Amino acid sequence: MSRNALVFGFGLAVALVAGWVVFPRLLYVQKQQPLEFQHKTHAEKSGVADCNECHAIREDGAFAGIPAMEKCAACHSERIGESKAEATLVDSFIKPGHETPWLVYARQPANVWFSHAIHVKRASLACTECHSTYGESDQLRVYQVNRISGYSRDIWGYSISRLRRAPHEGMKMSDCEDCHRRHNIEVGCLACHE
Amino acid sequence: MKVTRRDLLVWSAGAAAGLLVTPVPWKLLDDTSIWSQNWPWIPQPTRGPVEVKQSSCTLCPNGCGMKVKMAAGWPVGLAGVSSHPISRGALCPLGFGAHQLNWHPQRLRTVRHRAAPSTWSEARAAFAKACSEGPVVIIDGYPGRASSSVLETFAQKRGGSYRVVLGSETRALAPYETWSGVPTSALGYDLENAQTIVSFGAPLLDGWGTPGRFTRLWVERAAGSASPQLRLIQVEATFSRTAARSWQWVPVRSGAESALAGGVARVLLEEHLVSARGPMPPLTLAEAANQTGLSADAIRELARTIVARPPLVAIATDNNPAIAALNVLLGAVGTRGGIVRRSKHAEKYVSADAVIPSARAVLIDASVPWDFVAPTDAEVFRFAAWDGGSSKADWLLPAPGFLEELTDVPTAPTSALETYAVAPGLVKPSAEVQNAAQLLASIDSTLTTPEEIIHARCADLFRGRSGTVHSQEVTPVATFASVQKLEEQLWKGAVWVGEAPHPASLRCEPQEWPASAAAVPSDTWSTTWPAPVLPSLATKLYRESSLREAPEKRLA
């Protein structure tokens, strides 16, 4: 093998390692949620079986998102247990009346109008189709935010190449379009970008 | 081993080739495109609860029903209200982007006196001084509102006069006011019951009247049908959008609409195609043919086509007595499907175009179109939310922007039914803005406020016990338990609709055929309310459409 081929191959290898291994680590910043939260424990102890009981869709069709502090305060007005997270929840948020600044994995940009009511109620999509089985997890994932765009990594998906993604991975506009195409449902631009 | 320059170049080539098969270039391209949309200085709606409020558009007197999507208390999107009895879910392009107007760079935020910055106290002092020195003329572009009542009362109390700038759709009804004595503010078109509509240049499918009213009718009863239930005959010099969709397009020379009306009237009378009698136009058929560019046979055929399917009505673009006389001859005045009197009580207005007598000052309300210039040498106080430039006003006074003030929405100019709605202020206005009624109240504290007048009007509707209230459902006024309940519904965006008009209460008998009127360019949504500025959405549509102004205006 000639010297040129070796040097070229070395450059190629360095670029491949940098692009596939180093770049994703540099691109995303890892952030911790302000509190530990266990979906599984809450589901088991409170008997809540349906996502809608906490992540409700209001009567007018709007999605309430993450429950407000008053929902947490219904059970956690005083400490339940001795964990550090419990102390933080009660002392730092519930008693002073502050909302928890959760980092929302699936938050869409401001120019997108996404209706949970239409997708969940009218199209009967299961929550897991977009949000996987996180509702059964016993710890919150690390939140990763893109340094350049400021978006959560869930929007792009965890596969940096976007190849061989799990069905629930990715929330970009192309993912919405793919799903609509699969279900043969056409919508215009203004349906989401009012 | 010595690393040569060649090695570095070969290594770089390898690295470049490698990078192309990694996500780096593609991901960076995607991320930087998103980054460029989210620069920190680009305004973003505040994150917060999203709610939808219902109201009425106040940009022009058509008062379309409007859903306002609010995020954290700020409007972020507008849409039509399908249950609205007149606009039926439609908005004009200007309306769709109206919430952006408040952030327009040309938003007027400070008082200006002859282009120099000034203050409200100086403006108030100057206006109070003018009021004490002589009569004041107040000009309104949207009469019938509660605040209009305040303006009129002030002008009367100070020995001045109250005048209005009427839109072309209202001016088109002026001949009927002359012949019947019924004010134009009480007249409307019963399009819903017409079978044939002859439009003399009116852009019925491009912004005439309340957006959605005629377009919905056309979709339901005319679109795509060779033998439609509703025949639209468009008389127009250019192949406009309305002409392109009409059942029959009659291309006439620009400005020959009156001549065609005269020619058609002559055929109707000579061939006894109508039962009504009326004055014979002085124009012969040959002269009409010569002026319009149509053949005499074509005019005869048109006359027969028009009367083939009654009820029918002819619509002019502006004050054109010949077309109004044709309507009288066709029996379209005071009949079902024609020109109807929608209300018993209505006010007769003095046009602002008439010569203004010696006045010390002229106050122009923010509702007056920007291109209106008062024919006066008096000191001019002009309210406006946006600075359109080239104003001849001495004082420019910043008025509340879109959704920033409480107002009521009286009947739209072309509506056959009386309506009433309330548009509450959904957005907190800047401290620097005031409307004309507020300025007058600061000078004369005995004036009733618009809010009190709206309460009184709601009470009148409740006491009248007639009509219905349209929200998601239709509720007769008689079933409301209290005026508070009725008022609550109206403040939430419901619309009161009066009883159907009694057609026979309008009679017109012109004694002679009117002289020809000069041609006027037709109006569209962009010219009926000549906004000093446009929201970005409307601007984009405006630029792409190329047909937003009548040909006459473009040529000028």
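Residues numbered from 1 in each chain as written. Chains lettered and ligands numbered in written order. Predicted model: local features only at pLDDT ≥ 70, side-chain atom pairs only at ≥ 80, totals over all residues. Heavy atoms only, no water.

Chemist: What is the right way to read the interface of chain A and chain B from this model?
Modeler: Accessible area lost when the parts come together is the quantity often used to give the size of an interface. Chain A puts 30 residues into the contact, and the matching count from chain B is 32 residues. Buried area between chain A and chain B, summed over both chains or domains, comes out near 2700 Å², and the portion from carbon and sulfur atoms is 64%. The three residues of chain A that bury the most area against chain B are Arg3(A), Phe23(A) and Ile148(A), which together make up 20% of that side's buried surface. In this structure, Asp7(B) engages Arg3(A) in a salt bridge whose closest nitrogen and oxygen atoms are separated by 2.2 Å. Inspection of the chain A/chain B interface yields 7 residue pairs in polar contact (both at pLDDT 80 or more). With 14 residues, the single largest contributor to the side of chain A that touches chain B is helix α1 (residues 3-27) of chain A. Each residue belonging to the side of chain A that touches chain B can be placed in one class, and the counts come to 19 nonpolar, 6 polar and 5 charged. (Contact = heavy atoms within 4.5 Å. Buried area = accessible area lost by both parts, 1.4 Å probe. Salt bridge = Lys/Arg side-chain N within 4 Å of Asp/Glu carboxyl O. Polar contact = N/O pair within 3.5 Å; in protein donor to acceptor, adjacent residues only side chain to side chain. Helix = DSSP H or I, 4+ residues; strand = E, 2+ residues; numbered from the N terminus. Nonpolar A, V, L, I, M, F, W, Y, C, P; charged D, E, K, R; others polar.)

Chemist: Can you help me understand the environment of Pro400(B) in this one?
Modeler: Checked against the element boundaries, Pro400(B) lands in the loop between β17 (395-398) and β18 (407-409). Spatially, the C-alpha atoms of Pro400(B) and Gly425(B) are 9.5 Å apart, while their sequence positions differ by 25 residues.

Chemist: Explain the pairing of strand β9 (residues 196-200) of chain B here, please?
Modeler: Regular strands have side chains that alternate between both faces of the sheet. Residue and element names in this part refer to chain B. Counting buried positions along β9 yields 5 of 5 residues, so the element is predominantly enclosed. Both faces of β9 are covered, namely the face carrying Thr196, Val198 and Phe200 and the face carrying Ile197 and Ser199. Across 5 bridges, β9 lies against strand β10 (residues 231-235) in parallel orientation. Its bridge partner being in β10, Ile197 is matched across the sheet by Leu232. As for the winding sense of the linkage, the β-α-β connection from β9 through helix α8 (residues 213-221) to β10 is right-handed. (Buried < 20%, exposed > 50% of the residue type's maximum accessible area, 1.4 Å probe, protein only. Pairing = 2+ DSSP bridges. Right-handed = clockwise from strand over helix to strand, strands pointing away.)

Chemist: Is there a simple way to explain the sheet that holds β10(B) in this structure?
Modeler: The strands that make up a sheet are held in pairs by hydrogen bonds between backbone atoms, and each pair lies either parallel or antiparallel. Residue and element names in this part refer to chain B. One open sheet accounts for 4 strands, arranged β11-β10-β9-β12; its pairing is parallel. The strands lining the two open edges of the sheet, one partner per strand, are β11 (248-250) and β12 (312-316). Looking at each pair of strands side by side, their axes are set apart by 15 degrees on average, direction ignored. Relative to the sheet, helix α12 (residues 296-308) contacts β9, β10, β11 and β12, its axis offset from that of β10 by approximately 145 degrees. (Axes fitted to C-alpha atoms, helices over the stretch in contact; angles between N-to-C directions.)

Chemist: What exactly am I supposed to notice about the packing of aromatic side chains here?
Modeler: Taken as a whole, this structure holds 13 aromatic pairs over all chains when the rule is applied. Pairing Phe10(A) with Trp11(B) gives two aromatic rings, centres 6.4 Å apart and planes at 55 degrees, and the pair type is tilted. Of this pair, Phe10(A) sits in helix α1 while Trp11(B) sits in helix α1 (residues 5-20), on two different chains. According to the relative accessible area criterion, Trp11(B) is partly exposed, its value standing at 29%. Between the aromatic rings of Phe239(B) and Trp249(B), the centroid separation amounts to 4.8 Å while the plane-to-plane angle is 50 degrees, which identifies the pairing as tilted. Of the two residues, Phe239(B) is situated in the loop between β10 and α9 (241-245) and Trp249(B) in strand β11; the sequence distance between them amounts to 10 residues. Relative accessible area serves as the criterion here: at 51%, Phe239(B) is assigned to the exposed category. For Trp249(B), a relative accessible area of 30% gives the class partly exposed. Chaining the aromatic ring pairs together yields one cluster made of Phe127(B), Phe154(B), Phe381(B) and Trp395(B). A cation sits over an aromatic face here: Arg141(A) above Tyr105(A), 4.1 Å from the ring centre. (Phe/Tyr/Trp six-rings, centres within 6.5 Å; stacked < 30°, edge-to-face > 60°. Lys NZ or Arg CZ within 6 Å of the ring centre and 35° of its normal.)

Chemist: Whenever I open this one, the state of the cysteines confuses me. Can you help?
Modeler: Considering all chains together, one arrives at 0 disulfides over all chains under this definition. Sulfur of Cys130(A): no disulfide; nearest cysteine sulfur belongs to Cys179(A) and is 6.7 Å away. Free cysteine Cys458(B): the closest other cysteine sulfur is in Cys57(B), separated by 20 Å. (Disulfide = S-S within 2.5 Å.)

Chemist: Before we go on, may I ask you to explain unusual backbone geometry in this structure?
Modeler: Trans peptide bonds make up the majority, and among non-glycine residues the majority have a negative phi. Residue and element names in this part refer to chain B. Cis geometry marks the peptide bond from Pro310 to Pro311, where omega comes out at -5 degrees. Positioned with a positive phi, Leu403 is a non-glycine residue whose angle comes to about 65 degrees. Among the secondary structure elements, Leu403 is positioned in the loop between β17 and β18. Owing to a relative accessible area of 5%, Leu403 belongs among the buried residues under this scheme.

Chemist: When you look at α1(A) in this model, what are you seeing that I'm missing?
Modeler: Turn by turn, an α-helix covers 3.6 residues, leaving residues three or four places apart pointing in a common direction. Spanning 25 residues, α1(A) covers 34 Å between terminal C-alpha atoms, matching the ideal 36 Å at 1.5 Å per step. The largest bend along α1(A) reaches roughly 40 degrees and is located at Gly19(A). Looking only at α1(A), the buried set comprises Val7(A), Gly11(A), Ala15(A), Gly19(A), Phe23(A), Pro24(A) and Leu27(A). Contacts made by the buried residues of α1(A) are with β1 (28-31), β2 (143-146) and α7 (153-156) of chain A together with α1 and α2 (24-37) of chain B. (Expected span 1.5 Å × (residues − 1). Bend = angle between axes of the 7 residues up to and from the residue.)

Chemist: Please clarify how the sheet that holds strand β2 (residues 65-71) of chain B should be interpreted in this entry.
Modeler: All names here are of chain B. Spatial strand order, β1-β2-β3: 3 strands in an open sheet with antiparallel pairing. Among the strands making up the open sheet, the edge pair consists of β1 (50-56) and β3 (74-80). When the angles between neighbouring strand axes are averaged without regard to direction, this sheet yields 30 degrees.

Chemist: I'm lost on the pattern of salt bridges in this one. Help?
Modeler: Opposite charge on two side chains lets them pair, provided their charged atoms get close. All names here are of chain B. The tally for this structure, following the rule as stated, stands at 30 salt bridges over all chains. Its salt-bridge partner being Arg266, residue Glu270 comes within 3.0 Å of it at the nearest N-O pair. Residue Glu270 and its partner Arg266 are both found in helix α10 (residues 257-270); the two are separated by 4 residues, about one turn of the helix. According to the relative accessible area criterion, Arg266 is buried, its value standing at 14%.

Chemist: For this particular structure, what's the right way to read the environment of Gln30(A)?
Modeler: All names here are of chain A. Position of Gln30 among the secondary structure elements: in strand β1. Taking the C-alpha atoms as reference points, Gln30 and Ser46, separated by 16 residues in sequence, lie 31 Å from one another. Not counting residues up to four positions away in its chain, the partners in contact with Gln30 are Val142, Tyr143 and Gln144.

Chemist: Sorry, what's going on with the packing of helix α5 (residues 146-157) of chain B against helix α15 (residues 450-464) of chain B here?
Modeler: Two quantities define a packed helix pair, namely the angle between the axes and the distance from one axis to the other. Residue and element names in this part refer to chain B. Taken N-terminus to C-terminus, the directions of α5 and α15 make an angle of 120 degrees; their axes are 8 Å apart at the nearest point. In this structure, α5 meets α15 at a crossing whose hand is right-handed. The residues of α15 that touch α5, namely those facing Ala146, Ser147, Ser149 and Val150, are Pro450, Ile453, Ile454 and Arg457. For the contact of α5 with α15, the class distribution of residues is 5 nonpolar, 2 polar and 1 charged. (Left-handed = near helix turned anticlockwise from the far one by under 90°.)

Chemist: Got a minute to help me understand the environment of Gln33(A) in this structure?
Modeler: All names here are of chain A. When you line up the elements, Gln33 lands in the loop between β1 and α2 (39-46). Residue class for Gln33 comes out buried when judged on its relative accessible area of 12%. Separated by 71 residues in the primary sequence, Gln33 and Val104 have C-alpha atoms spaced 9.2 Å apart. The contact partners of Gln33, leaving out residues within four places of it in the chain, are Trp102, Leu103, Tyr105, Leu140, Arg141 and Tyr143. Within polar-contact distance, the side chain of Gln33 engages the backbone oxygen of Leu103 at 2.9 Å. A distance of 3.1 Å separates a polar atom in the side chain of Gln33 from a polar atom in the side chain of Tyr105.

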